[in-house]
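Listed below, chain by chain, are the residues.
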Amino acid sequence: MLRYALRRSGWTVVQLAVLSVLVFLLTDLLPGDAATVGFNEQADLDQVARLREQMGLDRPLAERFADWAHGLLTGDLGTSLVGGGPVSDVLAHSVAATAALAAVTILLLVPLAVAVGLVTGLRAGSRTDRVVSAVTLTLTSVPDFVLALLLVALFSLRLGWLPSTWVGADDLWWQRPELFVLPVVVLLARTVCVLSRQIRAGTITSLGAGYTVQARRLGVPPARLVLRHLLPNAAVPGVQELARTGDQLLGGVLVVEAVFAIPGTATALVDAVQNRDVPTVQALTLTLAAVACLLNLAADLVSRRLAPRTEVLR
């Protein structure tokens, strides 16, 4: 297990290194730069050139990449070309709302998906299974932004129960739990459906496995059979799907933030791209990519722990 963890962690480090190069090169291809955004078409070219020199945008690409890579290794994400402050401050301010939204979603996602997957898997073919499968299939086919608009129209505009946006919440959003209800429901709708179907399939497979049949013959109590034998093996495909769901969740969070006007990563990223604030774009993009890589690493390690495979020594 330790050797597998070290090898898998090494590949994650390689992935992050490659991603850092790609992020830097792709952001460098953005048309224009921060020096030209603030000027109109009648701007003096000498002024633009001086501002570009002050920002260090006239330096060679390799030199700028070397400085940026050195900053990453030392924990320095650079300075915002627009605000002038550290990019780490922009990152901390924008990631706070996104992280809170994702954390609440994950905390609810895992128990809901496991419960739905186990119930439908243990009762495969029953009326409950058919109804839940129909609902999950329907919700999976509905895009996040469509579901968000429908929920806003019903619960905010028609019934007036919940706020439709985070506008006006300012920095006190963490004191208003009602702001999280609609965004979290939108994020949970698709992810619970996808993850529960994987756990359902794993449960059905585990029910027919030899160890389950033998455990029943030995008189293992049903609760112990489900918790100690069925669930760990049924959760393996679910854990792998959870990593992919985490990747989808990152994209869903960005969509939800745009629909509900949440001051999170999506807002900061759009503003940074519009202002050609390249260091901020690089930091935000690389952070999202790093989270995706770490989710897949964690999923592989948990899957290995739940259902270890015998390695062939070479």
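One structure accompanies this document, and this report is about it. Counting restarts for each chain, with residues numbered from 1 along the sequence as it is written. Confidence filtering applies because this is a predicted model: local features only for residues at pLDDT of at least 70, side-chain atom pairs given and counted only at 80 or more, and all residues used for totals across whole chains, interfaces and linings. To get the side-chain values, all heavy atoms of the structure are used, and hydrogens and water are removed first.

Some remarks on the environment of Y4
Phase 1 of the analysis: Locating Y4 in the fold gives a position in helix 1 (residues 2-28).
Phase 2 of the analysis: Between buried and exposed lies partly exposed: a residue is buried under 20% and exposed over 50% of the maximum accessible area for its type, with that area taken using a 1.4 Å probe on protein chains only. On the basis of relative accessible area, Y4 is assigned to the buried category, the value being 12%.
Phase 3 of the analysis: Between the C-alpha atom of Y4 and that of L301, which follows or precedes it by 297 residues, the distance is 8.3 Å. Note on conventions: DSSP H or I runs of at least 4 residues are helices, E runs of at least 2 residues are strands, and numbering of each starts at the N terminus.

Considering empty space enclosed by the protein
Phase 1 of the analysis: Residues are called lining when one of their atoms sits within 4 Å of a cavity or pocket point, these points coming from a 1 Å grid over the protein atoms alone, where a cavity is a set in which a 1.4 Å probe fits but cannot get out and a pocket is an open set with protein on both sides within 12 Å along at least five of seven lines. Grid points are joined across faces, edges and corners, and a volume is the space filled by probe spheres set on the points. A complete count under the given rule lists one cavity of 30 Å³ or more for this structure.
Phase 2 of the analysis: Considered as a void within the structure, the largest cavity measures approximately 40 Å³ in volume.
Phase 3 of the analysis: Lining the largest cavity are V116, T120, V132, S133, T136, S196, R197 and R200.
Phase 4 of the analysis: When contributions to the lining of the largest cavity are tallied by element, the ones reaching two or more residues are helix 5 (87-122), helix 6 (127-140) and helix 8 (178-207).
Phase 5 of the analysis: Looking at the lining of the largest cavity, its residues break down into two nonpolar, four polar and two charged. For this classification, the nonpolar set comprises Ala, Val, Leu, Ile, Met, Phe, Trp, Tyr, Cys and Pro, the charged set comprises Asp, Glu, Lys and Arg, and every other residue, Gly included, is treated as polar.

A few points about the environment of V90
Phase 1 of the analysis: Of note, V90 is situated in helix 5.
Phase 2 of the analysis: Between the C-alpha atoms of V90 and T280, which are 190 residues apart in sequence, the distance is 7.6 Å.

Overview of the packing of helix 1 against helix 4 (residues 61-74)
Phase 1 of the analysis: For the pair helix 1 and helix 4, the least separation of the axes is 11 Å and the interaxial angle reads 135°. Considering their axes alone, helix 1 and helix 4 lie oblique with respect to each other. Viewed along their axes, helix 1 and helix 4 form a crossing whose handedness is right-handed. In contact with S20, V21, F24, L25 and D28 of helix 1, helix 4 contributes L61, R64, F65, W68 and L72.
Phase 2 of the analysis: When the residues that make up the contact of helix 1 with helix 4 are grouped by side-chain class, the tally is seven nonpolar, one polar and two charged. Axes here refer to lines fitted to C-alpha atoms; in helices the fit is confined to the stretch in contact. Angles between the N-to-C directions go from 0 to 180 degrees. With respect to orientation, any angle under 35 degrees is reported as roughly parallel, any angle over 145 as roughly antiparallel, any angle of 65 to 115 as roughly perpendicular, and every other angle as oblique. Rotating anticlockwise by less than a right angle from the far helix to the near helix defines a left-handed crossing, while the corresponding clockwise rotation defines a right-handed one. Residue contacts are counted whenever heavy atoms from the two residues lie within 4.5 Å of one another.

Any functional reading would require information that these geometric values do not contain.
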